[in-house]
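Structure at a glance
This is what each chain is made of:
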Amino acid sequence: MLRLEKLVKTYKTGDQALKAVDLDIPEGQVLALIGPSGAGKSTLIRCINRLVEPTSGKVYLAGNELTELSAGALRKERRRMGMIFQEYALVERLTVMENVLSGRLGYVGFWRSFLRKYPQTDVDEAFRLLDRVGLAHMADKRADELSGGQRQRVGICRALIQDPALLLVDEPTASLDPKTSRQIMRLICELCKERGLAAIINIHDVALAQMFVQRVIGLRFGAIEFDGPPDALTPDVLTTIYGEEDWEATIEKIDGEDDEAAE
Amino acid sequence: MSAPDTDLQRLVGKPWKKPPFIQRNWLRWTLILGFFAYLVAAFMTIEVNWSRVYEGLERGKQFVLAFTSPDFTTRSGDIYEGMVESIVMTVAASVVGIGISIPIALGAARNVAPLPVYLICRSIIAISRALQEIIVAILLVAIFGFGPLAGFLTLSFATIGFLSKLLAEDIESMDRVQAEAIKASGARWSQWINYGVQPQVMPRLIGLSMYRIDINFRESAILGLVGAGGIGATLNTAFDRYEYDTAAAILLIIIVIVMALEYLSGIIRARVQ
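Residues numbered from 1 in each chain as written. Chains lettered and ligands numbered in written order. Predicted model: local features only at pLDDT ≥ 70, side-chain atom pairs only at ≥ 80, totals over all residues.

**Focus on the overall build of chain B**
Counting its regular elements, chain B contains 11 helices and zero strands. In chain B, the succession of α and β elements from N to C terminus is α-α-α-α-α-α-α-α-α-α-α. Relative to its length of 273 residues, chain B is extended, with a C-alpha radius of gyration of 27 Å against a globular reference of 19 Å. Dimensions of chain B along its principal axes, counting C-alpha atoms only, are 90 × 65 × 35 Å. By sequence separation, contacts in chain B at least 24 residues apart represent 70% of the contacts at least 6 residues apart. (Helix = DSSP H or I, 4+ residues; strand = E, 2+ residues; numbered from the N terminus. Rg over C-alpha atoms; globule rule 2.2 N^0.38 Å. Contact = placed C-beta atoms within 7 Å.)

What follows is the structure in structure tokens.
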């Protein structure tokens, strides 16, 4: 579904954020990307939809090569990749509804979007999605009136209304409290399952990642250090990704939480 | 943990001072003393002709006293015409100036425009800002003759430099991530500006526009002094005829209108936050 071949990103400052990353993601797989700050996680997902231009290498989305596309063709492909951001990245002064509908910008013409005259099917879908995340009654509120968890739900609706095949998720829980973090992660993973979407989720919280995803990629200094199922993350593996630290607590914590959930 | 302890011993018990902005002592003191020396020297070059000041005090007194008995009636026809002309100039120049400023501001924001466009737009702004209103007005009066057309063009031109520069700076300091999110959805450039940029800079645009309308009205009173129409022409005539009471009336009207605009812009800015 998504394939990265020898993806390299070297910034103008000379920092090599990605060193020839190869990655293959099948249809419908939810994948967590972990690694220390500065490992290139954010750069990696931004190179896929070319918010950051990769220096070299190829990105294939459902067989289409993205790195060589013209601006117009790239816009068409971006519609197939929904993005969810760390600080929600809602346009604060627009209403919740406008924010959700902005996910349709790639499908409607300028005047329609300028006059906010979206096709009825788009509006219906927006209400359906807002209802799914429990925010239908907030549609006409301004985005900056919402709490963090609510904003991230709107961000999820905006990504899903694009009708994407792939979700690019950049630290979705970094600014949320632990409970909301779990709810958001659960919501993202449920929605991916319902719609058969593949997703790449950048995430700091290793325990949270292990709870929800099918596959974990560990990135260090722009190279993949680990690729495997979540329960293969041993203290040794975490040490190769993050460096020396007592990892038992992190992993034990998950076991404890699982018991809690079972009760 | 023992090595830092010896360092700590050295530090404890001594006063702490914020490091000075300029590290080198001699440079810091040279700059400070040099500045004061220049200040004293500069004041000493300003010559004051005290006998002239004494004569002038009488005229100044008349001028100020005129405010106690402003004459709105004698020249009411002229004042009304001048006022209407000023308001027309202000409104027309503000609308045209702001309309032209917005695309130039987009072009002058480095995070929105490509480098060649950026350089062109910044040059336009630099030219507009370098030429002071009065100088532009004198030139345009020479081209178009006396009257409000020259004033209207002058104010439009000045609005571009002011509004484009400040709006471009606001665009450059906008939250990049909000705009990035719109781009990631596959929006075209125009949609990106409309959804990602415009909502972020709208309050500033409205605030600056109100402020510029205020400035344009005040400028329209000055431009009349060089023949570019408006209430300034009436004011100039009143001064020339030593009709200080009429001049006082005009100034009072200007003050009231500027205060009203100030009040109005305050309300509007509070509402668009």
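The structure having been displayed, the exposition proceeds.
**Structural notes on unusual backbone geometry**
It is generally the case that most residues other than glycine have a negative phi and that most peptide bonds are trans. Non-glycine residue R50 of chain A carries a positive phi angle of around 60°. Looking at where R50 of chain A falls in the secondary structure, it is placed in the loop between α1 (41-48) and β4 (56-61). With 19 C-beta atoms counted inside 10 Å, the residue R50 of chain A sits in the partly exposed group. If you check the backbone angles, Y242 of chain B has positive phi at about 55° while not being a glycine. (Buried ≥ 20, exposed ≤ 12 C-beta atoms within 10 Å, placed from the backbone.)

**Notes on the sheet that holds strand β9 (residues 215-220) of chain A**
All names here are of chain A. The six strands lie next to each other as β6-β7-β8-β3-β9-β10, forming an open sheet whose pairing is mixed. Bordering the open sheet on either side are β6 (81-84) and β10 (223-228), each of which pairs with just one other strand. Here the average twist between neighbouring strands, direction ignored, is 20°. By the bridge criterion, five bridges tie β9 to β10 in an arrangement that is antiparallel. Within the sheet, the bridge partner assigned to G218 lies in β10 and is F226. (Pairing = 2+ DSSP bridges. Axes fitted to C-alpha atoms, helices over the stretch in contact; angles between N-to-C directions.)

**Notes on the sheet that holds strand β5 (residues 64-65) of chain A**
Residue and element names in this part refer to chain A. Within the open sheet, the four strands sit side by side as β2-β1-β4-β5. Their pairing is antiparallel. Edge positions in the open sheet fall to β2 (16-25) and β5, since each of these has one partner strand only. Here strand β1 (residues 2-10) pairs with β2 via six bridges, running antiparallel. Paired with K9 across the strands is L18, a residue of β2.

**Description of the packing of helix α6 (residues 133-144) of chain B against helix α7 (residues 148-172) of chain B**
Residue and element names in this part refer to chain B. Taken N-terminus to C-terminus, the directions of α6 and α7 make an angle of 140°; their axes are 9 Å apart at the nearest point. Here α7 runs oblique to α6, going by the angle between their axes. Relative to α7, the crossing made by α6 is right-handed. Seen from α6, the contacting residues are E133, V136, A137, L140, V141 and F144; seen from α7, they are L149, A150, G151, L153, T154, F157 and A158. When the residues that make up the contact of α6 with α7 are grouped by side-chain class, the tally is 10 nonpolar, two polar and one charged. (Parallel < 35°, antiparallel > 145°, perpendicular 65-115°, else oblique. Left-handed = near helix turned anticlockwise from the far one by under 90°. Nonpolar A, V, L, I, M, F, W, Y, C, P; charged D, E, K, R; others polar.)

**Things to note about the confidence of the model for chain B**
Residue and element names in this part refer to chain B. Taken as a whole, chain B shows an average pLDDT of 90; of its residues, 98% reach a score of 70 or greater. Within chain B, helix α5 (residues 115-130) carries the highest mean pLDDT (95), whereas helix α1 (residues 3-11) carries the lowest (73). The complex model carries a pTM of 0.83, and its ipTM stands at 0.88. (pLDDT = per-residue confidence, 0-100.)

**Let's talk about the interface of chain B and chain A**
Taken together, the 19 residues of chain B in the interface contact 22 residues of chain A. Taken together, the elements giving at least two residues each to the side of chain B that touches chain A come down to α8 (176-184) and α9 (189-223) of chain B. Take the side of chain B that touches chain A: its biggest share by element is eight residues, from α9 of chain B. Partitioned by chemical class, the residues of the side of chain B that touches chain A number eight nonpolar, eight polar and three charged.

**Examining the nonpolar core**
Counting residues in hydrophobic clusters, the biggest one holds 113 residues, and the most contacted among them are V100, C157, A199 and I201 of chain A. With 11 residues, the top contributor of residues to this core is α7 of chain B. When sequence neighbours within four positions are dropped, the list of residues in contact with V100 of chain A reads A126, L129, L130, V154, C157, R158 and I161 of chain A. Of all hydrophobic cores here, the second largest spans 11 residues; its members include I79, A221, A247 and A249 of chain B. (Core = buried A, V, L, I, M, F, W, Y, C linked by C-beta atoms within 7 Å.)

**Thoughts on the packing of α5 of chain B against α7 of chain B**
Residue and element names in this part refer to chain B. α7 packs onto α5 with a crossing angle of 125° between their chain directions and a minimal axis gap of 8 Å. Considering their axes alone, α5 and α7 lie oblique with respect to each other. The crossing of α5 and α7 is left-handed. Across the interface between the two elements, I124, I125, S128 and R129 of α5 pack against F157, A158, I160, G161, S164 and K165 of α7. Counted by class, the contact of α5 with α7 contains five nonpolar, three polar and two charged residues.

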